[in-house]
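# Structural overview
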Amino acid sequence: MPVQLPAPAKRPARWKATALFTLCAASLALCGCGKRDNSPFALAVITGPDDEYQAGLDRPLARQLTRASVAEGLVSFDEQGRVVPALADRWIVTDDGQSYIFRLRDGEWRNGDPLTAKSAKAALDAAMKAQRGAPLGLDLAAVEEVRVMAGRVIEIRLFRPMPYFLQLMAQPELGLLREKRGDGPMVIDRNGAVARFTAIEPSRLGLPQVPGWEDRTRQIVMTKLPASQAVARFNDNKVDLVLGGRIQDFPYTSSVGILRGTIQLDPVIGLFGLLAAKDTGFLADPRNREALALAIDRAALMAPFGVGGWTPATRIVSPGLEGDLQTNGERWTSQSIEQRRSVAAARVQDWIDGRGAATESENEAAGKPAGATPGRPAPRLSIWLPAGPGSDILFEKLAGDFQRIGVNSVRARSFAAADLRLIDDVARFPRARWFLNRLSCAARRGLCDPEVDSIVAQAARVVDPSQRSAVLGEAEARLTQANIFIPFGAPIRWSLVRGNVAGFASNSYAWHPLMPLAWVPK
């Protein structure tokens, strides 16, 4: 059954002053009357043996949902991917965009200590410090300092304006801990693969008591399952929601019992393609890595999945982002797939015959005369893809495309042993910087270019938006020429949603928090 991707949601260029009561949902819930069904809500989160690798630089989804549920940050996301108050109940942004001032809500930490600016600053400093050396830490490079302004007011100063800074502050990794415990909005009770989440009654956090709290909220029961079992439970009406679907599991959605409309696709952007893991042999020459990119028919690669609206891409950074100067565009647009494969096949043959810059370097290293022919066999590359029927389809298509230019392919035995690795990451904020940081040397997932990292670091201190975009465009161009990453297009993220589920919405971050699901529907 074909499934259509929803159109990407429009995002504001900048957040202005916001003032919302953190328990506004509770007040809305109190508007209803009569007895509601507050029996536990059951959902499944897809997990697998490759979670450590397919999650890339992020925690597996179940861990992310858990962290966000038990440890709020200054702000958080609602079910539609909008930034909403959490430990801070309001904030303002100065006119220059370089200062965010947060007013903390009245209340306490879980251990009974007062929630003060000093304690929140210490917790935020610790959370950001934990991200040093990781791509999220690079995303936060624009932060100059966090300082206490008053008893419940903290300021975060930036070196330069940073659109979507609030989206960064809402990331699960920046949930604040006090004595290794979060401040809710939920508590967790684990039992193996099953976790039960219960919304914390506000008075336990030093907030005003909400009458009838237990009748207005319901427990969330989250079970971690392999994709096939998660879909089976959905079909058997044992869970009403399945989260965490990726391309490798997508074929399971064709199983009997899933009705039209229950497959929800998130309109995400991000990185979806192959990353070169080694710079030896055939992959030593950037032109050979480009040959692989030339050979792939991206539309045909995804055709078996029947995802309407999916657009192939050859560019690293998603096109059309705010601030994009369009100095980098789609590649090889004037060539047909046949012409591209002809160019690619010639490069493969050059390598086999011992011609090209990389082979001359090999000859020199081996003490052979220039032009000597190593007499190599056809290149053979191992490709790592996470386990699943969708990955089987992808590998078959990729192997066929590479075979057409004279390159043999096998499935890698492990992530570590692979020549090429599938990268499948959803962008946490829609800026070129996110894409470049994810392919940085700090990511430690494959080949990288330290010069690109240096250029991106310089851009973090450039105040003028146009100049900063130009610097990031230069970094993208250099990374493109290195042919380290072979883009396919946007990632695929899917969920199974029963029609009567409240508190869920497709969104551009593929982020579906648990707390909105805990409110009993009217």
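What you see is a predicted model, and the numbers here were worked out from it, not measured in a lab.

### Points about helix 4 (residues 117-129)
The α-helix winds at 3.6 residues per turn, so residues separated by three or four positions along the chain end up facing the same way. Taking 1.5 Å of rise per residue, 13 residues should cover 18 Å, and helix 4 covers 18 Å from first to last C-alpha, within 8% of that figure. Listing the buried residues of helix 4 in full gives Ala117, Ser119, Ala120, Ala123, Leu124, Ala127 and Met128. Taken end-on, helix 4 shows its buried residues confined to a sector of 165 degrees, consistent with a single buried face. Within helix 4, the exposed residues directed more than 90 degrees away from the buried face are Lys118 and Lys129.

### Details of the environment of Ala378
With respect to the element layout, Ala378 can be found in the loop between helix 12 (357-365) and strand 19 (380-384). For the pair Ala378 and Ile405, spaced 27 residues apart in sequence, the C-alpha to C-alpha distance is 9.9 Å. Ignoring anything within four residues of it in the chain, the contact list for Ala378 reads Ile352, Gly406 and Asn408.

### Digging into the sheet that holds strand 17 (residues 270-276)
The strand order across the open sheet formed by 5 strands is 20-19-21-17-22, and the pairing between neighbours is mixed. Each having just a single partner strand, strand 20 (408-411) and strand 22 (485-487) make up the two edges of the open sheet. Direction aside, the axes of adjacent strands within the sheet are offset by 30 degrees on average. Pairing of strand 19 with strand 21 (residues 420-426) involves 2 bridges; the strand directions are parallel. Opposite Ile383, over in strand 21, you have Leu420 as the bridge partner.

### Observations regarding the packing of helix 15 (residues 450-459) against helix 16 (residues 465-482)
In the contact formed by helix 15 and helix 16, the axes pass within 9 Å of each other and the chain directions differ by 170 degrees. Relative to helix 16, the element helix 15 lies roughly antiparallel. Seen from helix 15, the contacting residues are Glu451, Val452, Ile455, Val456 and Ala459; seen from helix 16, they are Arg468, Val471, Leu472, Glu474, Ala475, Arg478 and Leu479. Looking at the contact of helix 15 with helix 16, its residues break down into 8 nonpolar, no polar and 4 charged.

Calculation criteria
- Residues numbered from 1 in each chain as written.
- Predicted model: local features only at pLDDT ≥ 70, side-chain atom pairs only at ≥ 80, totals over all residues.
- Heavy atoms only, no water.
- Helix = DSSP H or I, 4+ residues; strand = E, 2+ residues; numbered from the N terminus.
- Expected span 1.5 Å × (residues − 1).
- Buried < 20%, exposed > 50% of the residue type's maximum accessible area, 1.4 Å probe, protein only.
- Arc of directions from axis to C-beta.
- Contact = heavy atoms within 4.5 Å.
- Pairing = 2+ DSSP bridges.
- Axes fitted to C-alpha atoms, helices over the stretch in contact; angles between N-to-C directions.
- Parallel < 35°, antiparallel > 145°, perpendicular 65-115°, else oblique.
- Nonpolar A, V, L, I, M, F, W, Y, C, P; charged D, E, K, R; others polar.

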